[in-house]
Amino acid sequence: MSQAEAVRTSTAQAQAVRTPSVLWTFGLLRNEMWTTFRRWRTLALLGVLAAVPILVGIAVKIETGDRSGPGGGGGGAGPAFISQITNNGLFLVFTALAATLPFFLPMAIGVIAGDSIAGEANAGTLRYLLVAPAGRTRLLLTKYATVLAFCLLATLVVAVSALTVGALLFPLGDLTTISGTQISFAEGLGRALLIALAVAASLVGMAALGLFVSTLTSSGIAAMATTVGLLITIQILDQIPQLHAIQPYFFSHYWLSFADLMREPIYWDDLVKNLGLQALYAAVFGSAAWARFTTKDIAS
Amino acid sequence: MAPIETDDSTTAAEVDDLRAARRRKAARYVVPVAVIGVAAATIGLVPALADSGDPDLPKVSAQELIEKIAASDVEQLSGTVKISTDLGLPDLGGLESSLTSGAMDSGDGGSSADPSAKLTELATGTHTLRVAADGPDKQKLSLLESGSEYSVIHDGKDVWGYDSKSNEVYHSTTSDSGSDSGKAEKGQDVPATPKDMAEEALKAVDDTTSVTVDGTAQVAGRDAYRLVIKPKASGSTVGQITVAVDSKTGLPLKFTLTPASGGAAVIDAGFTQVSFAKPAASTFDFTPPKGAKVTEGETIEKGAHGEHGEHDGSASGKPEEDLGKGLDGLKVIGEGWNSVATFDTGGEGMPSGSEVGGDMGGFLDSLGDKVTGKFGSGTVFSTRLVNALMTDDGKVYVGAVTKDALVKAANAG
C-alpha cells in the first residue's frame, strides 16, 4: 500500500515537473539572462561597445570640421563607409559595425560565452544549477540562447548608439547605396536593421565555439582567454595569403559580407555563405559542447 | 567462498557498467564528428554532382557556332561575372593589361567610356563584377570590392563613374567631344562587348588556328557550347582559348585562356549568374550623393590616360611614356599567333636601370633574363602569357610567344 502510494507520488511529481516544462525552460532562460545582463562586467562591455560609434563620430566630425571641403579626402582609408558619414549620419551605423565586428564585438561574445559554463564551475555554482530538474542539455541550450541574445543585444547597442550619434552630429536623409543608386531614408533604416541582424548572425559560430571551450575547463578566465585567443589567431591566419585554400572555412572569413547588403541589388552570395558557415560552426561546436557537458563529471 | 564469489561478480558488473557508460559517453562525440562529415561531404560532393551533367544539345559545327555568336543580339541582361587573372606578375606594362581589359569588358553589356584606373585592378587576382544592360543607351558595370563598389553607369548621354569608397564621382556626357573620342578610341582598341571579344578572337582564325566545338557545358545555369580556339603552330604561349557560348542567345558566357605552359588559366572570365530580363530602370539612375566630389568631363580623358599610366603598376610613368612614343614606330613581325610586335624606344638600352633609378632599376633588372643572339644582347621579361625582349640598343620585341621565338624574331629583325 505504502509502496503503491510512493509510486503514485513520484509519478505525480514527475508529471508536475514535466507538464510546465516549456514555461520552466523560459523561467530558466529568463533567470539566466537576467543574471548575465545584470552583471557589471556585461554592462561594462556594452558600454565599451556603445562608446566606439561615439568616438568614430566625433573623430570624423573634428576631422572634417578642419577642412571646408567635403569628406572623402581620406582616400578611402579606414573602415568601410567612413567617407560617407559626413553626408549622411546613417552611414555611421555601417561604419561602427564595420569597425567593431573584427574585434570588439567578438571579444565581448568571447567573454560572455567563455564564462557561461566555466564561470559557474569556477564560482562553484554549476552543481547547484544542475540540482534543479532541468537536465544538462536544457541548461546548455539555455546558456547558448543567452549568449545569442547577448550577440543581438551587443550589435543593437552599437547600431543604436551609432544612429543616435549620427543623427546628432550629421545630417540624415536619402542615401546612396554603394552601387550608386538612391534609396529613401526609411529603406536605409531597414537596410541598417538587416545589417545589424547579419552582424549578430555572424557571431553565432563564435558563440558556439566559446561555449564549447567553456565546457572544457572549470576556469572562467582560461575559457575567455582561449576563446579570444582563438579569435585573434583566426583573424591573423585569415590575412596570410598562402592559406587561401582553407580561409573560406574560418568563421571570421565572411564577416564583412554584411556590406553586401548595401549593394543594389543586394549581393547574396557571400552573405549566404556566411550564414551557412555560422550554422556549421554552431552545429559542430554546439554538439561538441553538448557531448562534453552531458558526459563530464561536475565536481564544482 | 560464497561472499568472494559475489564480490567478484559485482566487480565484473561494475566494470561492465563503467565500460558501457564510457562507451555511451564516447558515442556522444560521434555527433559533432558526424556533423563535420556531413558538411565535408556536402561541400565536396554537391559541386561535383552539379558539374557532372553536361547538357545534351544538338550538334553544331564550329562555323555555325561562330555565326550564332555574330547573330547574337542580346540587349537586355544583368548578371554577375567572376574574373580571375593570373599573369604571373610582376607585369611589364600596359601590354598584358590591354589584354586583360579586353577580358574585363567581356562582361560589359556595352561600350562604356570607363574613366577609371580602378578597373586595372582586374589585372591580378579574382574579382567579381556586376553587369547590367538595357539597350545601347543604358549600361552599368560595377566592380565589387570588400565593403565598397566602383560603378560605371551609362545612362543616355550621361556617363558616371562612382567610387563608393572615396565617395568620388566622375561625370561625362557623350555629346562631350572628349568622351566621344574616348569612346571611339575604346571601341577600336579593345573588344568591348562579349560579342566583339569573340569576334576579335575569331579574327585571328586563319590557317594557323584550329577552331572546334568541344562538347557542352553549364555556365551560370545555362546550357552552352564550348568553342575551342587553338594555335596550330608551336611557339605561342597561348595554349588554347575556350569560349562557352549560350545555346539559346549565342552570347559568350565564359572566356578562358590557358597558357601553353599549362597550369591555371591566365584569364578566366565568366558569368556566375545571368538573366536576360530587363533590369530595373532604377539601376541606371544615378544622382551624385550629397558631398561627393564630382569631377567633370575632360578628367575622364585624363582618367583614361591615367589608366594607361597605372597599367604598369611596378614601373614608373617614364618608361610608359617612352613606350607610348615608341608605339608610333610599331611593326609586326610574323603572323597569326606567333606575331611579334617590335618598336624602337629611341632610348639607349632599357628604360630600367638609370632612368627608373635606384632600387626600382635593380628590381626591374632582376625581373628579366639576359639573352644574347645575332641582334646583340638584351633582357627578356617574362610573364605567363606575354614575353618581351628589350635589346641593349633600345629595341623592344613583344608577343604572346615563347622566349626562343622572341630571340628568333629579334635575330631575323
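Definitions and limits used
Residues numbered from 1 in each chain as written. Chains lettered and ligands numbered in written order. Predicted model: local features only at pLDDT ≥ 70, side-chain atom pairs only at ≥ 80, totals over all residues. Heavy atoms only, no water. Helix = DSSP H or I, 4+ residues; strand = E, 2+ residues; numbered from the N terminus. Buried < 20%, exposed > 50% of the residue type's maximum accessible area, 1.4 Å probe, protein only. Contact = heavy atoms within 4.5 Å. Areas by Shrake-Rupley, 256 points an atom, 1.4 Å probe, with all protein chains shown as cover. Buried area = accessible area lost by both parts, 1.4 Å probe. Polar contact = N/O pair within 3.5 Å; in protein donor to acceptor, adjacent residues only side chain to side chain. Nonpolar A, V, L, I, M, F, W, Y, C, P; charged D, E, K, R; others polar. Pairing = 2+ DSSP bridges. pLDDT = per-residue confidence, 0-100. Axes fitted to C-alpha atoms, helices over the stretch in contact; angles between N-to-C directions.

Caption draft 1: Local environment of the overall build of chain A. Scanning chain A for helices and strands turns up eleven helices and two strands. Moving toward the C terminus, one meets the helices and strands of chain A in the order α-α-α-α-α-α-α-β-β-α-α-α-α. For chain A, the proportion of its 300 residues judged to be buried stands at 49%. Residue pairs at least 24 apart in sequence account for 77% of intrachain contacts in chain A once pairs closer than 6 positions are excluded. As displayed, chain A offers around 13,400 Å² of accessible surface, 69% of which is attributable to carbon and sulfur atoms.

Caption draft 2: Here's a closer look at the interface of chain A and chain B. Taken together, the contacts link 37 residues of chain A with 35 residues of chain B. Both faces combined, the contact of chain A with chain B buries some 2,900 Å², and carbon together with sulfur accounts for 54% of it. If you sort the residues of chain A by the area they bury against chain B, Arg 263, Tyr 267 and Thr 295 of chain A come out on top, with a joint share of 18%. Our enumeration of links across chain A and chain B arrives at eleven residue pairs in polar contact (both at pLDDT 80 or more). Looking at the side of chain A that touches chain B element by element, the count peaks at ten residues for helix H11 (residues 269-295) of chain A. In the side of chain A that touches chain B, the residues fall into 17 nonpolar, 16 polar and four charged.

Caption draft 3: Molecular detail of the pairing of strand S1 (residues 76-85) of chain B. Residues and elements named next belong to chain B. Sheet topology places S1 next to strand S2 (residues 125-134); ten bridges connect them, and they run antiparallel. Counted as the bridge partner of Lys 82 is Thr 128 from S2. Where S1 and strand S11 (residues 267-275) come together, eight bridges link them in antiparallel fashion. Residue pairing in the sheet places Val 81 in a bridge with Phe 271 of S11.

Caption draft 4: Focus on the confidence of the model for chain B. Residues and elements named next belong to chain B. Put simply, chain B has an average pLDDT of 69, and 65% of its residues get 70 or more. The model gives residues 1-7 a pLDDT under 50, and that stretch makes zero contacts with residues more than four places away or in other chains. Scored as a whole, the predicted complex attains pTM 0.73, and scored at its interfaces, ipTM 0.72.

Caption draft 5: Here's a closer look at the sheet that holds S11 of chain B. All names here are of chain B. Pairing in this open sheet of twelve strands is mixed, and the strands run S7-S8-S9-S10-S11-S1-S2-S3-S4-S5-S6-S12 from one edge to the other. Every interior strand has two partners, whereas the edge strands, strand S7 (209-219) and strand S12 (293-296), have only one. For this sheet, the mean inter-axis angle between neighbouring strands, taken without regard to orientation, is 15 degrees. Relative to strand S5 (residues 158-163), strand S4 (residues 148-155) is paired through six bridges, and the arrangement is antiparallel. From the neighbouring strand, Ile 153 faces S5, where its bridge partner is Trp 160.

Caption draft 6: Expanded view of the environment of Leu 194 of chain A. Along the chain, Leu 194 of chain A turns up in helix H8 (residues 185-202). Sequence separation between Leu 194 of chain A and Met 262 of chain A is 68 residues; the distance between their C-alpha atoms is 9.9 Å.

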